[in-house]
Amino acid sequence: MSKTEIEEFEEALAMLHAAGVNAMVCNTPVGVSLSSAKCGLPTDLGDESIDDYILIPKVLAGHHPEMFIPASGDSMEDAGFEDGDLLRVRFGNMGHDGDSVLAMIDGACTVKALFTDEYGTKWLVPRNSNYDAIMLTEGMDFRILGSVVGVEKASVRAPSRELLQSIRRTRNKMRVVKKLSVEAVDECIVKIGDQVKHARQWYAVQRKMVDREVAEEGDMINFCNRVARLLPEHEHLPVAKELSRMAVQSPCEGHSLLRLHANCHEYG
């Protein structure tokens, strides 16, 4: 945002606060995994890699790591968790009696309400009378991964990553691209190294490499390793996690840095 846009935004917030509206800025990303957490029988959680991000106000973000995980099944329907809802799980939060928790039992994950009965026995209790409670015994491989602190209801909202990938595939088909050799790409990276001062510029370079089919979509780790190998003394080496966050938050815009080198026929 430009200075003027920021000032206008701050003025709008001040007006809302003056009117008694507790407006908050959604500026803190929380990861979204497409691997479901079963609201039914226990199931494998699967790959916990981040597939998307949802921005929430910083004041609502906890001190423990958080992730949105899709719910699957109907055993927690009385708690308001429906199939496809995004459960906001705060990891490391062990939960108290009555809390909905994400638990792992014998290597499989499930979402249930935690409760201790009058005999001191702990249970995972469904919020649907069609399912039985699960008694936690000493011989069971059991642990609580975190507690559910919120829920985003299922909607028609499409993941940002899927939309961007579709747009980029279409954009690639709309133009004829001359594929560069590995050596030519390395030469270009070295030649622009002194001009790159921050992560967003490295992200722009990686995006253009994907467009020119000399880098894999979303493969930030190999890109970062490649830059580190070519420019080991660079003061602003790219970080894979940071570039991945940029990939789902905003499309890459053109940048003058992408005129890598005349012999590379430009990346633009």
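Since we're looking at a predicted model, the values are computed, not measured.

1. Structural notes on the overall build of the protein chain
Here is step 1: Within the protein chain, the regular secondary structure consists of six helices and ten strands.
Here is step 2: Burial status across the protein chain gives 39% buried among its 268 residues.
Here is step 3: Restricting the contact set of the protein chain to residue pairs at least 6 apart, pairs at least 24 apart contribute 65%.

2. Overview of the confidence of the model for the protein chain
Here is step 1: Summing up the model confidence of the protein chain, the mean pLDDT is 75 and the portion of residues at 70 or higher is 66%.
Here is step 2: In the predicted structure, residues 40–49 sits below a pLDDT of 50 and forms 28 contacts with residues beyond four places in sequence or in another chain.
Here is step 3: Confidence over residues 251–268 falls short of pLDDT 50; this stretch has 41 contacts with residues more than four positions distant or in other chains.

3. Structural notes on the packing of helix 4 (residues 199–211) against helix 5 (residues 220–230)
Here is step 1: The N-to-C vectors of helix 4 and helix 5 enclose an angle of 115°; their axes lie 11 Å apart at closest approach. As judged from the angle between their axes, helix 4 and helix 5 are roughly perpendicular. Our pair here, helix 4 against helix 5, has a crossing hand that is right-handed. Two secondary-structure elements touch here, helix 4 through Trp202, Tyr203, Val205, Gln206 and Met209 and helix 5 through Met220, Phe223, Arg226 and Val227.
Here is step 2: Of the residues assigned to the contact of helix 4 with helix 5, the class counts are seven nonpolar, one polar and one charged.

4. Here's the deal with a negative patch on the surface
Here is step 1: A grouping of Asp74, Glu77, Asp78 and Asp83 is seen on the molecular surface, where their side chains present a negatively charged patch.
Here is step 2: Tracing the backbone shows aspartate 74 in the loop between strand 4 (66–72) and strand 5 (86–91).

5. Some points on the packing of helix 3 (residues 182–192) against helix 5
Here is step 1: Axis separation between helix 3 and helix 5 bottoms out at 10 Å; the angle between their running directions is 70°. With respect to helix 5, the element helix 3 is oriented roughly perpendicular. Here helix 3 and helix 5 pass one another in a crossing that is right-handed. Residues Val182, Val185, Asp186, Ile189 and Val190 of helix 3 form the contact with helix 5, whose participating residues are Arg226, Val227, Arg229 and Leu230.

6. Observations regarding the pattern of salt bridges
Here is step 1: Enumeration according to the criterion identifies four salt bridges in this entry.
Here is step 2: The salt bridge involving aspartate 186 is made with arginine 226; its shortest N-O contact spans 2.8 Å. Here the residue aspartate 186 occupies a position in helix 3, and arginine 226 occupies one in helix 5, the gap between them amounting to 40 residues. For the residue pair aspartate 186 and arginine 226, the accessibility class agrees, reading buried in each case.
Here is step 3: We note a salt bridge from arginine 207 to glutamate 217, for which the minimum N-O separation is 3.0 Å. Of this pair, arginine 207 sits in helix 4 while glutamate 217 sits in the loop between helix 4 and helix 5, and the two are ten residues apart along the sequence.
Here is step 4: Residue arginine 207 is classed as buried on the basis of its relative accessible area of 3%.
Here is step 5: Salt bridges sharing common partners tie together Asp186, Arg226 and Arg229.

7. Some remarks on the nonpolar core
Here is step 1: Of all hydrophobic cores here, the largest spans 21 residues; its most connected members are Ile189, Trp202, Met209, Phe223 and Leu243.
Here is step 2: Going through the elements one at a time, helix 3, helix 4, helix 5 and helix 6 (240–249) are the ones with two or more residues in this core.
Here is step 3: Counting residues per element, this core draws most heavily on helix 4, at five residues.
Here is step 4: Ignoring anything within four residues of it in the chain, the contact list for isoleucine 189 reads Trp202, Met209, Arg226, Val227, Leu230 and Leu231.

8. A short note on the environment of leucine 124
Here is step 1: For leucine 124, the location among the structural elements is in strand 8 (residues 122–125).
Here is step 2: On the accessibility criterion, leucine 124 (0% relative accessible area) is buried.
Here is step 3: For the pair leucine 124 and threonine 110, spaced 14 residues apart in sequence, the C-alpha separation works out to 9.2 Å.
Here is step 4: Those residues in contact with leucine 124 that lie beyond four places of it in its chain are Val101, Ala103, Ile105, Thr110, Lys112, Ala113, Leu114, Ala133, Ile134, Leu136 and Phe142.

Here is what the cut-offs are and how they apply
- Residues numbered from 1 in each chain as written.
- Predicted model: local features only at pLDDT ≥ 70, side-chain atom pairs only at ≥ 80, totals over all residues.
- Heavy atoms only, no water.
- Helix = DSSP H or I, 4+ residues; strand = E, 2+ residues; numbered from the N terminus.
- Buried < 20%, exposed > 50% of the residue type's maximum accessible area, 1.4 Å probe, protein only.
- Contact = heavy atoms within 4.5 Å.
- pLDDT = per-residue confidence, 0-100.
- Axes fitted to C-alpha atoms, helices over the stretch in contact; angles between N-to-C directions.
- Parallel < 35°, antiparallel > 145°, perpendicular 65-115°, else oblique.
- Left-handed = near helix turned anticlockwise from the far one by under 90°.
- Nonpolar A, V, L, I, M, F, W, Y, C, P; charged D, E, K, R; others polar.
- Patch = residues over 30% accessible without salt bridge, like charges linked within 9 Å, V, L, I, M, F, W, Y side chains within 5 Å.
- Areas by Shrake-Rupley, 256 points an atom, 1.4 Å probe, with all protein chains shown as cover.
- Salt bridge = Lys/Arg side-chain N within 4 Å of Asp/Glu carboxyl O.
- Lys, Arg positive; Asp, Glu negative; His and termini not counted.
- Charge placed at Lys NZ, Arg CZ, Asp CG, Glu CD.
- Core = buried A, V, L, I, M, F, W, Y, C linked by side-chain atoms within 4.5 Å.

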